[in-house]
Amino acid sequence: LMDFQQIQVEIRGAVGILSLNAPDKLNALTPLMVSEISTAIDHIAQQCRVMIITGAGRAFCSGASLDPKNPLSPVDQNPSARDLGLVLEQQLNPIMLKLKNLDIPWISVVRGAAAGFGASLALAADMVVASETAYFAQIFSKIGLVPDGGATHLLSRTIGRVRTMELMLLGNRLSAENALTWGLVNRVVEDQQLEEQAFALATTLANGPSQALGMTRKAIWAATDESWELTLESEREQQKIAGRSKDFDEGLAAFTEKRPAAFSGQ
């Protein structure tokens, strides 16, 4: 497949698996890794019916690399010459927008640390499957920065203002178990079962009516911000498109014939 240095891409059937692959650095984001992630998302979105994003080794992603030898964002000695928002504008925000507008559902599969931007990435997935060892940390306040990757938007709408305040102002770890109770993740599974259970879930989605699922995931994102009236209009337009798909014909036939549908993704 494609030649990546800091990530790996595997296509298994209709499932595309993107693994951050710098386990010795807890998959900290470098400029090269971010550019490879962006390329890989495009590739998987064209080839597959569902995407998994995961991290190699014992962590999902520890956030932006702060290694002075290979930082995600260069830190000038002169504070007034610094713009740590530039890497967001040019590299990270485009990835988050790309993921929001994806035509296929995607799942994050989280073992160990998902910290900083790594937490934003993991929690933005359509479905989040976490190992018992997983934890989520808004580490920004610990180093004097503010949350990024859309985390303030996502968390305040998912778990509410008060819990989001605590996580972000204190920067403490949120365990997988608490994340499940709070409704931030979908599944918490035994560590050794993580890949198997996540892939089973991905396969279920990959065998679904891909056009309808793609429109559904986008509609849910839009509804997070839209008015009731706009949501009803959007659903009306999307239903028109879905109703013309081969998968709708198959779904209807399967329902009538009392058998499972065999969706083609068309």
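Data block above holds the structure.
Residues numbered from 1 in each chain as written. Predicted model: local features only at pLDDT ≥ 70, side-chain atom pairs only at ≥ 80, totals over all residues. Heavy atoms only, no water.

(A) The overall build of the protein chain, seen in detail. What the protein chain contains, in helices and strands, is ten helices and nine strands. For the protein chain, the C-alpha atoms occupy an extent of roughly 70 × 45 × 35 Å along the three principal directions. Per-residue burial for the protein chain yields a buried fraction of 44% across its 266 residues. Taking contacts inside the protein chain between residues at least 6 apart in sequence as the whole, the part at least 24 apart equals 67%. (Helix = DSSP H or I, 4+ residues; strand = E, 2+ residues; numbered from the N terminus. Buried < 20%, exposed > 50% of the residue type's maximum accessible area, 1.4 Å probe, protein only. Contact = heavy atoms within 4.5 Å.)

(B) Molecular detail of the packing of helix α8 (residues 210-223) against helix α9 (residues 228-242). It is the contact of α8 with α9, at a shortest axis distance of 11 Å, that shows an interaxial angle of 170°. By the angle class used here, α8 and α9 are roughly antiparallel. For the pair formed by α8 and α9, the contact residues are Q211, M215, A219 and A223 on the first element and T231, Q238, I241 and A242 on the second. Of the residues belonging to the contact of α8 with α9, the class tally is five nonpolar, three polar and no charged. (Axes fitted to C-alpha atoms, helices over the stretch in contact; angles between N-to-C directions. Parallel < 35°, antiparallel > 145°, perpendicular 65-115°, else oblique. Nonpolar A, V, L, I, M, F, W, Y, C, P; charged D, E, K, R; others polar.)

(C) Structural detail: the sheet that holds strand β6 (residues 127-131). Taken in spatial order, the six strands make up an open sheet running β1-β2-β3-β4-β6-β9, and their pairing is mixed. Both outer strands of the open sheet, β1 (7-12) and β9 (187-189), are each paired with one neighbouring strand and no more. Strand after strand, the sheet turns through a mean of 20° between neighbouring axes, direction not considered. Strand direction decides the pairing type here: β6 and β9, joined by three bridges, are parallel. In the sheet register, A130 faces β9, and the bridge partner there is V188. Packed onto the sheet, helix α1 (residues 31-47) meets β1, β2 (15-20) and β3 (50-55) and runs at close to 10° relative to β1. (Pairing = 2+ DSSP bridges.)

(D) Structural view of the pairing of β3. The element β3 is largely enclosed, with a buried count of six among its six residues. Across the two faces of β3 the burial is the same, with V50, I52 and T54 and M51, I53 and G55 all buried. Here six bridges tie β2 to β3, and the two strands are oriented parallel to one another. Across the sheet, residue S19 finds its bridge partner in β3, namely T54. In the classification by handedness, the crossover that spans β2, the intervening α1 and the parallel β3 is right-handed. Following the chain from β3 across helix α2 (residues 86-100) to the adjacent parallel strand β4 (residues 106-110), one finds a crossover that is right-handed. (Right-handed = clockwise from strand over helix to strand, strands pointing away.)

(E) Examining the pattern of salt bridges more closely. Within this structure, the stated rule accounts for eleven salt bridges. Across the pair E237 and R236 runs a salt bridge whose closest N-O atoms are separated by 3.8 Å. Of the residues examined, R236 reaches a relative accessible area of 51% and is grouped as exposed. Its salt-bridge partner being R259, residue E257 comes within 2.7 Å of it at the nearest N-O pair. (Salt bridge = Lys/Arg side-chain N within 4 Å of Asp/Glu carboxyl O.)

(F) Up close: the packing of α1 against α2. With their axes 10 Å apart at the nearest point, α1 and α2 run at an angle of 20° to one another. By the angle between their directions, the pair α1 and α2 is classed as roughly parallel. Crossing hand, α1 versus α2: left-handed. Across the interface between the two elements, P31, V34, I37, S38, I41 and D42 of α1 pack against Q91, L92, I95, K98 and L99 of α2. Residue composition of the contact of α1 with α2, grouped by class: seven nonpolar, two polar and two charged. (Left-handed = near helix turned anticlockwise from the far one by under 90°.)

(G) Local environment of the environment of V15. Following the sequence through the fold, V15 ends up in strand β2. Looking at V15, the relative accessible area reads 2%, which means it is buried. Along the chain, V15 and N207 lie 192 residues apart, while their C-alpha atoms are 9.7 Å from each other. Sequence-distant contacts of V15, defined by excluding residues within four places in its chain, comprise E10, C48, V50, I52, F199, A202, T203 and A206.

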